[in-house]
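What follows is the residue order along each chain.
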Amino acid sequence: MQKVRWITSLNNGETLYEERGNFKTIKGELSPWQRLLVYIQDNSLEITSIALTYDERTRFNLPSAGKSPKFHAFSLAAKPVSFLFFRKLGGNVIDGQIDRETADHFAVIEATYEDGNKIQLWVDEANGNCWTLIIK
Amino acid sequence: MATFIFTLQGSTPTVIGATDRLQFAGAGGFDSKVTVGEYNDSVHVKSSADADDSSGNTPENNKFVSAAGGTGGDSQADWGDGTEDIDAITDAECSLKINFADASSVAITDAIFYAYDGTTTTAVPTGVTFQCAESGDTNFTNAEGSAAALTLADSAAATSHDYYILVSASPESVGLKSAFALRVELTYS
């Protein structure tokens, strides 16, 4: 089971969690994220915010597209127009079979702005360390 | 949990275990040397105890011949039948098979494959020229360092994904090349 999981809020007010409710991993079926995308498309919904959680304790948030943040600074900030989640896995071939202990394994959330710029937030599956990238 | 399994293909496939090495060797077979400036005539899986794990499995060797000497500028290689354009190779004739699997059905994008010095992924391997191509490609990629990586095809949602890759290496100087690792990276969701 992944230690780093997504949490996403939709424009209908729902907040959905990877590995909860209808978005648990089911062997042989679409991944929780792929099923979320189907759910969003089938119901003409949009993602308004996305976050990652490590071990169900620490939460890492990207800027939200929500319209009523508590702090004024957040309401002044540019709003992303879309969000994405994926996992990145890398490892050496010559080191043979790669397992949880040896692979570089990150969960990533991404926010895209109207001008095409993107912010990515990477969280290490092994230890919960976090990095951010700005992609122009 | 997602897993990679690397296999050296042959009459019987050899899974490259956690402590094994993929060995590029000469025409003399396991542990034989490749002449400087030439490419591998054989390829093997070497265990941590220095044994030939692929002995008896007739590994598929892919030997780089030219970057653009084939039909319409295609790259050429020899995989046992003489020199051919590399887009004629079958999946089963590629030396390396990489399987990525996950419990759930995931899509793969942005998969890349490259050689580096084993320490810094942007650095080229030391003393080795490395060529690779995915099955179906028309040309080899001189994939040394992450910036020069071979791009692998995207793959639609499934629980298991296979990549078939031609690999060939040439020493630039005499001696064992230890600052030489192959790495794969991919995005899945």
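These remarks concern the structure in this document. (Residues numbered from 1 in each chain as written. Chains lettered and ligands numbered in written order. Predicted model: local features only at pLDDT ≥ 70, side-chain atom pairs only at ≥ 80, totals over all residues.)

Points about the overall build of chain A
In step 1: A tally of regular secondary structure across chain A gives two helices and eight strands.
In step 2: Order of helices (α) and strands (β) in chain A, N terminus to C terminus: β-β-α-β-β-α-β-β-β-β.
In step 3: Along the first, second and third principal axes, the C-alpha atoms of chain A reach 50 × 30 × 30 Å.
In step 4: Taking all 136 residues of chain A together, 30% fall into the buried category.
In step 5: The long-range share in chain A, meaning contacts at least 24 apart out of those at least 6 apart in sequence, stands at 44%. (Helix = DSSP H or I, 4+ residues; strand = E, 2+ residues; numbered from the N terminus. Buried ≥ 20, exposed ≤ 12 C-beta atoms within 10 Å, placed from the backbone. Contact = placed C-beta atoms within 7 Å.)

Thoughts on the nonpolar core
In step 1: Membership of the largest hydrophobic core comes to 71 residues, with the highest contact counts inside it found for Leu52 of chain A together with Phe113, Cys132, Ile165 and Leu166 of chain B.
In step 2: For this core, the leading source of residues is strand 8 (residues 96-116) of chain B, giving ten residues.
In step 3: Not counting residues up to four positions away in its chain, the partners in contact with phenylalanine 113 of chain B are Cys132, Ala143, Ala149, Leu150, Leu152, Ile165 and Val184 of chain B. (Core = buried A, V, L, I, M, F, W, Y, C linked by C-beta atoms within 7 Å.)

Examining the sheet that holds strand 6 (residues 76-78) of chain B
All names here are of chain B.
In step 1: Taking strand neighbours across the sheet as the criterion, the three strands line up as 5-6-7 in an open arrangement whose pairing is antiparallel. The sheet is open, and its two borders are formed by strand 5 (63-66) and strand 7 (83-85), each paired with just one other strand. Averaged over all neighbouring strand pairs, the angle between strand axes comes to 40°, with direction disregarded.
In step 2: Where strand 6 lies against strand 7, three bridges are found, and the strand directions are antiparallel. Across the sheet, glutamine 76 pairs through a bridge with aspartate 85, a residue of strand 7. (Pairing = 2+ DSSP bridges. Axes fitted to C-alpha atoms, helices over the stretch in contact; angles between N-to-C directions.)

Topic: the interface of chain A and chain B
In step 1: Contact with chain A, which involves 24 residues of that partner, is made by 30 residues of chain B.
In step 2: For the side of chain A that touches chain B, the elements supplying multiple residues, two or more each, are helix 1 (32-42) and strand 5 (82-92) of chain A.
In step 3: The leading source of residues in the side of chain A that touches chain B is strand 5 of chain A, at eight residues.
In step 4: Of the residues assigned to the side of chain A that touches chain B, the class counts are nine nonpolar, nine polar and six charged.
In step 5: The pairing of strand 5 of chain A with strand 12 (residues 181-188) of chain B spans six bridges and is antiparallel. Looking across to strand 12 of chain B, one finds that glycine 90 of chain A is bridged to glutamate 185 of chain B. (Nonpolar A, V, L, I, M, F, W, Y, C, P; charged D, E, K, R; others polar.)

Quick look at the environment of threonine 122 of chain B
All names here are of chain B.
In step 1: Counting through the fold element by element, threonine 122 comes out in the loop between strand 8 and strand 9 (128-134).
In step 2: When the C-alpha positions of threonine 122 and aspartate 85 are compared, they lie 30 Å apart, and in sequence the two are 37 residues distant.
In step 3: With residues up to four places along the chain from it excluded, the contact list for threonine 122 reads Gly145, Ser146 and Ala147.

Focus on the sheet that holds strand 3 (residues 47-54) of chain A
All names here are of chain A.
In step 1: Strand order in the open sheet formed by four strands is 2-1-3-4, and the pairing between neighbours is antiparallel. Looking at which strands have only one partner, the edges of the open sheet turn out to be strand 2 (15-17) and strand 4 (58-61). Each strand of the sheet is rotated relative to its neighbour by a mean of 25°, with strand direction disregarded.
In step 2: Note that strand 1 (residues 4-10) and strand 3 share seven bridges and pair antiparallel. Across the sheet, threonine 8 pairs through a bridge with isoleucine 50, a residue of strand 3.

Focus: helix 1 of chain A
Residues and elements named next belong to chain A.
In step 1: Considered for burial, the residues of helix 1 that qualify are Pro32, Trp33, Arg35 and Leu36. Looking straight down helix 1, one finds its buried side chains confined to an arc of 160°; they lie on one side. Opposite its buried face, helix 1 presents the exposed residues Val38, Gln41 and Asp42, each directed more than 90 degrees away.
In step 2: Tucked into the core, helix 1 has its buried residues touching strand 1, strand 2 and strand 5. (Arc of directions from axis to C-beta.)

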